[in-house]
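# Topology and contacts: notes
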Amino acid sequence: MKKILFTISVCGLCLFSCTKPDDGGNKPEPDPDPVVDDFVPELPSDNSSEGVRHLVMLTDFTGSDCPGCPALLQALDAVLEDETIAGGVVMTAAHQFKDTDPAYFSDKTLYQSFDITVFPSLVINLCDKYDVGVTSQANLKSWISAAQAQAPKAGICAAVGVKDGVVYVNTQVKALEDNTFRVGAWLVEDGIYAVQEGTAN
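The present account deals with the structure reproduced in this document.

About the thresholds
- Residues numbered from 1 in each chain as written.
- Predicted model: local features only at pLDDT ≥ 70, side-chain atom pairs only at ≥ 80, totals over all residues.
- Heavy atoms only, no water.
- Helix = DSSP H or I, 4+ residues; strand = E, 2+ residues; numbered from the N terminus.
- Contact = heavy atoms within 4.5 Å.
- Buried < 20%, exposed > 50% of the residue type's maximum accessible area, 1.4 Å probe, protein only.
- Pairing = 2+ DSSP bridges.

Moving on, we get to the side chain of Thr92. Positionally, Thr92 belongs in strand β4 (residues 89-95). Those residues within four positions of Thr92 in sequence are excluded, and the remaining contacts are Met57, Leu58, Thr59 and Asp60.

Pasting the structure below:
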């Protein structure tokens, strides 16, 4: 299982790719023109937030060997039963509690950026970290609602294409004001199973 995190500053159009090493241990050169037109989404109008779907990204720092971590997920599941909240949320998880986790994310970039010392911890929009009271449904609703209430200042579009076994991601930002934006992309293998500590199953 491999997970790859890219953190880049975006000013206009940015392109990056990831490839698996070949049998000789050398990474093949990426395609010089990797953008797949069919995957490029329609961008919002210039200098306007019209057409931008405002989503709040939740990142759960967790692990299958963390007995207290299911409590956050259970609280989030309860909160996201409210469709008015769930419709504006994207859930992600960073399995970084212990390297025995089959979904362990070995890249420490995200972990170190937010100084994660407590599991579970919740990071909202790659900006705000919460590690106290994260199993409280009232707290979660308050934090998510506050993030959703913030007016979006940028629209981020992404296009993904696979060519010759190489995954290409094309991102573009349209912003209402000049700024530096971080765009994270995960390449994740599916079908990963583990016994979760702290649960009956």
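Below, the discussion takes up the environment of Leu140. Among the structural elements, Leu140 can be located in helix α4 (residues 137-149). Taking the C-alpha atoms as reference, Leu140 lies 7.3 Å from Val79; in sequence the two are 61 residues apart. Each residue touching Leu140, except ones within four places of it in the same chain, is listed here: Leu72, Ala75, Leu76, Val79, Leu122 and Val134.

Let's shift gears to the side chain of Ser64. By the element assignment, Ser64 lies in the loop between β3 (56-62) and α1 (70-79). With a relative accessible area of 4%, Ser64 lands in the buried category. Sequence-distant contacts of Ser64, that is, excluding residues within four places in its chain, are made with His95, Asp101, Pro102, Ala194, Val195, Gln196 and Glu197.

Inspection of α1 places Pro70, Leu72, Ala75, Leu76 and Val79 among the buried residues, and these make up the whole buried set. Buried residues belonging to α1 abut β3, α2 (83-86), β4, β5 (121-124) and α4.

Next up on the list: the pairing of β3. Counting buried residues in β3 gives 6 out of 7 residues, a clear majority hidden from the surface. In the sheet, β3 pairs with β4 via 7 bridges, with the strands oriented parallel. Looking at the pairing, Thr59 lines up with Thr92 of β4. Here β3 runs beside β5; their pairing, made up of 4 bridges, is antiparallel. Bridging from a neighbouring strand, Phe61 pairs with Ser121 of β5.

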